[in-house]
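# Structure assessment
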Amino acid sequence: MQQATTIIAIDTRHQGLIDFTRDVVDWVDRQGLTEGLLTLFCRHTSASLVIQENAAPAVRRDMEAYFAALTPESRHYEHDDEGPDDMPAHLRTALTGVQLSIPLIGGRLALGTWQGIYLFEHRRHPHRRTIALHLIGEAR
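Okay, so let's go over this structure. Predicted, not measured: the structure shown is a model, and the values here were computed from it.

Parameters and conventions
- Going along each chain's sequence as written, the residues are numbered from 1 onward.
- Where local features are concerned, this predicted model is filtered to residues with pLDDT of at least 70; where side-chain atom pairs are given and counted, the filter is 80 or more; whole-chain, interface and lining totals use all residues.
- Where side-chain values are given, they derive from all heavy atoms of the structure, hydrogens and water being excluded.
- Throughout this description, the term nonpolar core refers to a set of buried Ala, Val, Leu, Ile, Met, Phe, Trp, Tyr and Cys residues connected via side-chain atoms within 4.5 Å.
- The buried label goes to any residue with under 20% of its type's maximum accessible area, the exposed label to any with over 50%, and the partly exposed label to all in between, with areas taken from a 1.4 Å probe on protein chains only.
- Numbered from the N terminus, helices here are DSSP runs of H or I no shorter than four residues, and strands are runs of E no shorter than two.
- The contact definition used throughout considers only heavy atoms, calling two residues in contact when any of these lie within 4.5 Å.
- Think of a salt bridge as a Lys or Arg side-chain nitrogen and an Asp or Glu carboxyl oxygen that are within 4 Å of each other.
- Orientation is described by axes fitted as lines to C-alpha atoms, over the contacting stretch for helices, and by angles from 0 to 180 degrees between their N-to-C directions.
- Oblique is the label for every angle not falling under 35 degrees (roughly parallel), over 145 degrees (roughly antiparallel), or within 65 to 115 degrees (roughly perpendicular).
- Definitions for this section: a left-handed crossing has its near helix turned counterclockwise from the far helix by less than a right angle. A right-handed crossing has that turn clockwise.
- Three categories are distinguished: nonpolar for Ala, Val, Leu, Ile, Met, Phe, Trp, Tyr, Cys and Pro, charged for Asp, Glu, Lys and Arg, and polar for the others, with Gly belonging to the last.

Attention now moves to the nonpolar core. Residues Phe20, Val24, Leu38, Leu40, Leu109 and Ile131 are the most contacted members of the largest nonpolar core, which totals 23 residues. Going through the elements one at a time, strand E1 (2–12), helix H1 (21–31), strand E3 (33–42), strand E4 (47–53), strand E5 (99–105), strand E7 (115–121) and strand E8 (127–139) are the ones with two or more residues in this core. Other than its neighbours up to four places away in sequence, Ile131 contacts Thr6, Ile7, Ile8, Ile10, Phe20, Leu40, Phe41, Cys42, Leu49 and Leu119. Ranked by size, the runner-up nonpolar core spans six residues in total, among them Leu17, Met63, Phe67 and Phe120.

Looking at the element boundaries, Thr113 is found in the loop between strand E6 (108–109) and E7. When its relative accessible area of 65% is taken as the criterion, Thr113 is described as exposed. As a C-alpha pair, Thr113 and Glu53 span 60 residues in sequence and 9.0 Å in three-dimensional space.

For the structure on display, the rule yields eight salt bridges. For Arg123, the salt bridge goes to Asp86, with nearest N and O atoms at 3.7 Å. Of the two residues, Arg123 is situated in the loop between E7 and E8 and Asp86 in helix H3 (residues 86–96); the sequence distance between them amounts to 37 residues. The exposure class of Arg123 is buried, given its relative accessible area of 4%. According to the relative accessible area criterion, Asp86 is buried, its value standing at 3%. A salt bridge links Glu121 to Arg129; the shortest N-O distance between them is 2.7 Å. Under the relative-accessibility criterion, Glu121 is labelled buried at 1%. In this structure Arg129 comes out as buried when scored by relative accessible area, which is 3%. Look at the salt bridges and you will find they share partners, linking Glu82, Asp85, Asp86 and Arg123 into a network.

Let us look at the packing of helix H2 (residues 57–70) against H3. A pair of packed helices is captured by two measures, namely the crossing angle of their axes and the spacing between those axes. Look at H2 against H3: their axes get within 10 Å of each other, and the N-to-C directions meet at 120°. Judged by the angle between their axes, H2 and H3 are oblique. Between H2 and H3 the crossing geometry is right-handed. Here H2 contributes Phe67, Ala68 and Leu70 to the contact with H3, which in turn contributes Arg92, Leu95 and Thr96. Classifying every residue of the contact of H2 with H3 by side-chain character gives four nonpolar, one polar and one charged.

What follows is the structure in structure tokens.
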């Protein structure tokens, strides 16, 4: 059994879903494992991780619009230290989550044909987000 870890940094420019599947797949490929489990952990409370459709951009737009409507910006939240998008960002993170687990089978992540790994940035302003990756499994 072998393990590998790394941190991936993602610079965001605005709210929305950012596909970083290729970065994850490339790192996993370099580890040389065939069977195992990858865990991804977002180290923030106002951004989250999701696995979602990677072919139709309308899916991303609809998801972004849905979460904006579900948790609208408002001055009515008690917690607004960093502006009106502060508390909605925390709510969106709580609803979507900060951790993903993806099986590694035959040396490849077991993502479906149309699945991608996304950072979901919930803040309007640019941020540098970090994602911790932990891979455990059997070597080739």
